[in-house]
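# What the coordinates show
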Amino acid sequence: MLPITPRVGSPLRNIDFRLLLAGATASQLGAQVTLVALPLVAVIELDATPLQTGVLTAAETAAFLLVGLPAGAWIDRMRRLPVLIRADVVRALAMASLPLAAWAGALTMAQLYLVALITGVATVFFDVAHQSYLPGLLPREQLVAGNGALETVRSSAQVAGPGLGGALVQMVGAPFALLTDAIGYLLSAVFLRGIRTPEPPPPAPAPGESLRAQVTEGLVFVFRQPVLRVIACTTAIANFFTAMLMAVQTVFLVRVLDLPPGAMGLMMSASAVGGLAGALCAGTLARAVGRARVIWLSPLLTGPFALLWPLAGHGAAAVWFAIASAAVFFGAVVYNVAQVSFRQLLCPAELLGRMNATLRFMVWGTMPFGALLGGAVAGAAGARAAVWVCAAGFLLVPVPLLLSPLRRMRDLPESAPVAG
């Protein structure tokens, strides 16, 4: 088979972008193994209740509420690449502590919560710096292709990682499968250290300008942009119900559908095929129907498939869960590629960190509450009831978009109107 040659003008011709992509591949693959292995440690090894699994999911995302806003201001005062490398090293050390504790017979739910919180804080800094770093690495005309490539990597990891995670859990046990994640983060740090594109020093803050003033500047920028506001509202709703699903899906698949770890991993891998398909065709769809139109069409057309989640049953009927996830993930990835690229084009470079952190605070800050609600509903009424609530919630996702000016637009302007 002939090697694939990057197109002229492709970001893949940029060796530093390829290193960024390689780092994302390593870390995402490990993270997807953990998506299966970490809740299985709680459910199988420590016999966690549904509420405890909800608290574990909440701990993973609570950092966006705790440090989400100041993280953007801090990152706008720093070079982004060193932040990415340090965050990877912290995550690797935290994840490696779990198999060590299991080997010593000292693993507890308290340690799971602590590791989830530490890796969550590091992920806040990594994600905000990552989205803020890319526009300095690629020219503007390559941003959509670059984000599409990163989404392809993430979606590919979602296909391969859970299946690998399920197999590793069956072979070596859930705690030791987590070593894959630690290794992935370390490899990511190594690849990132190879990037040689000079990163200009961040602009010095104005004399007397406090951290609070910088945070406020990011908030004002987001809230004065009508398109950013509606994107934030939509994504916050989607993430709330996604967190509900994350909190209960392991309990649902293992205890309700009676799937073994390997089958559970394969089920989650199959569902991620939709995300990979969305990443591969996001750019084409945006050009065909319009960059604004694709943002509201994608959740509108794919959200109703979520109603298949709670209809899944034993044996072959479990496939409904995979079909629903594939469709919903397809729409989510198409939506994300379009709206993230728009945000990067819209925002001045000196505000990227604060803009991304503000949006992350708003859209990821709902996730701990969704996870806690999912665990509470599952504990009170059963995991299937909690999945029904998740499914119904996904029908609400496109509502803010349909009530916004986006519904009457085909393409997004590179300079969005500012609210008065």
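Since we're looking at a predicted model, the values are computed, not measured. (Residues numbered from 1 in each chain as written. Predicted model: local features only at pLDDT ≥ 70, side-chain atom pairs only at ≥ 80, totals over all residues. Heavy atoms only, no water.)

Another aspect to go through is the overall build of the protein chain. Looking only at helices and strands, one finds 19 helices and 0 strands in the protein chain. For 420 residues, the compact-globule formula gives about 22 Å, and the C-alpha radius of gyration of the protein chain, at 21 Å, lands near that figure. Expressed along its principal axes, the backbone C-alpha trace of the protein chain runs to roughly 55 × 55 × 45 Å. A separation threshold of at least 6 residues defines the contact pool for the protein chain, and within that pool the share at least 24 residues apart is 88%. Just so you have it, the protein chain exposes about 17100 Å², and 70% of that area is on carbon and sulfur atoms. The averaged location of the 17 negative side-chain charges in the protein chain is 7 Å from the averaged location of its 26 positive side-chain charges. (Helix = DSSP H or I, 4+ residues; strand = E, 2+ residues; numbered from the N terminus. Rg over C-alpha atoms; globule rule 2.2 N^0.38 Å. Contact = heavy atoms within 4.5 Å. Areas by Shrake-Rupley, 256 points an atom, 1.4 Å probe, with all protein chains shown as cover. Lys, Arg positive; Asp, Glu negative; His and termini not counted. Charge placed at Lys NZ, Arg CZ, Asp CG, Glu CD.)

Looking now at helix α13 (residues 273–289). With 17 residues, α13 should cover 24 Å at 1.5 Å per step; its first-to-last C-alpha distance of 23 Å lies within 8% of that length. At C281, α13 shows its maximal kink, close to 55 degrees. Taken together, the buried positions of α13 are G274, G275, G278, A279, A282, G283 and A286. (Expected span 1.5 Å × (residues − 1). Bend = angle between axes of the 7 residues up to and from the residue. Buried < 20%, exposed > 50% of the residue type's maximum accessible area, 1.4 Å probe, protein only.)

Before going further, it helps to spend a moment on a nonpolar patch on the surface. A contiguous nonpolar surface patch, about 500 Å² in accessible area, is contributed by W103, M171, V172 and F176. Inspection of the secondary structure puts W103 in helix α5 (residues 80–103). The exposed category is assigned to W103, whose relative accessible area is 70%. (Patch = residues over 30% accessible without salt bridge, like charges linked within 9 Å, V, L, I, M, F, W, Y side chains within 5 Å. Salt bridge = Lys/Arg side-chain N within 4 Å of Asp/Glu carboxyl O.)

Our next topic: the pattern of salt bridges. Inspection of the entire model under this criterion finds 2 salt bridges. One salt bridge in this structure joins R91 and D88, with 2.8 Å as the shortest N-O distance. Within this pair, R91 and its partner D88 are both found in helix α5, separated by 3 residues, close to a single helical turn. R91 sits in the buried class, given a relative accessible area of 4%.

This paragraph deals with unusual backbone geometry. Backbone geometry at D47 places phi at a positive 55 degrees, although glycine is not the residue there. Tracing the backbone through its elements, the reader meets D47 in the loop between α1 (15–45) and α2 (50–61). Exposure remark for D47: the relative accessible area of 59% places this residue in the exposed category. The backbone of D258 shows a phi angle near 60 degrees, a positive value even though the residue is not glycine. For D258, the position within the fold is in the loop between α11 (226–256) and α12 (261–271).

Next up on the list: the nonpolar core. The biggest cluster of nonpolar side chains holds 65 residues, and the ones touching the most others in it are L98, L112, F252, L253, W309 and F321. Setting aside residues up to four positions removed in sequence, L98 forms contacts with L38, L107, Q111, L112, V115 and L178. Formed by 34 residues, the second largest nonpolar core is a distinct cluster that contains V83, L84, A87 and L150. (Core = buried A, V, L, I, M, F, W, Y, C linked by side-chain atoms within 4.5 Å.)

The next point concerns the packing of α5 against helix α9 (residues 179–193). Any two packed helices are characterised by how steeply their axes cross, that is the angle between the axes, and by the distance between the axes. Where α5 contacts α9, the two axes come as close as 8 Å, and the packing angle between them is 160 degrees. Classified by the interaxial angle, the pair formed by α5 and α9 is roughly antiparallel. Regarding α5 and α9, the two cross each other, and that crossing is left-handed. Residues L81, L84, I85, D88, V89, R91, A92, M95, A96 and P99 of α5 lie in contact with α9, whose contacting residues are L179, D181, A182, Y185, L186, S188, A189, L192 and R193. (Axes fitted to C-alpha atoms, helices over the stretch in contact; angles between N-to-C directions. Parallel < 35°, antiparallel > 145°, perpendicular 65-115°, else oblique. Left-handed = near helix turned anticlockwise from the far one by under 90°.)

Inspection of the secondary structure assignment puts T234 in helix α11. In this structure the side chain of T234 is engaged in a polar contact, spanning 2.9 Å, whose partner is the backbone oxygen of V230. Not counting residues up to four positions away in its chain, the partners in contact with T234 are Y335, V397, P400 and L401. (Polar contact = N/O pair within 3.5 Å; in protein donor to acceptor, adjacent residues only side chain to side chain.)

Moving on, we come to the state of the cysteines. Taken as a whole, this structure holds 0 disulfides when the rule is applied. Looking at the unpaired C233, the closest cysteine sulfur is the one in C390, lying at 18 Å. For C233, a relative accessible area of 37% corresponds to the partly exposed category. You can call C390 buried: its relative accessible area is 0%. (Disulfide = S-S within 2.5 Å.)

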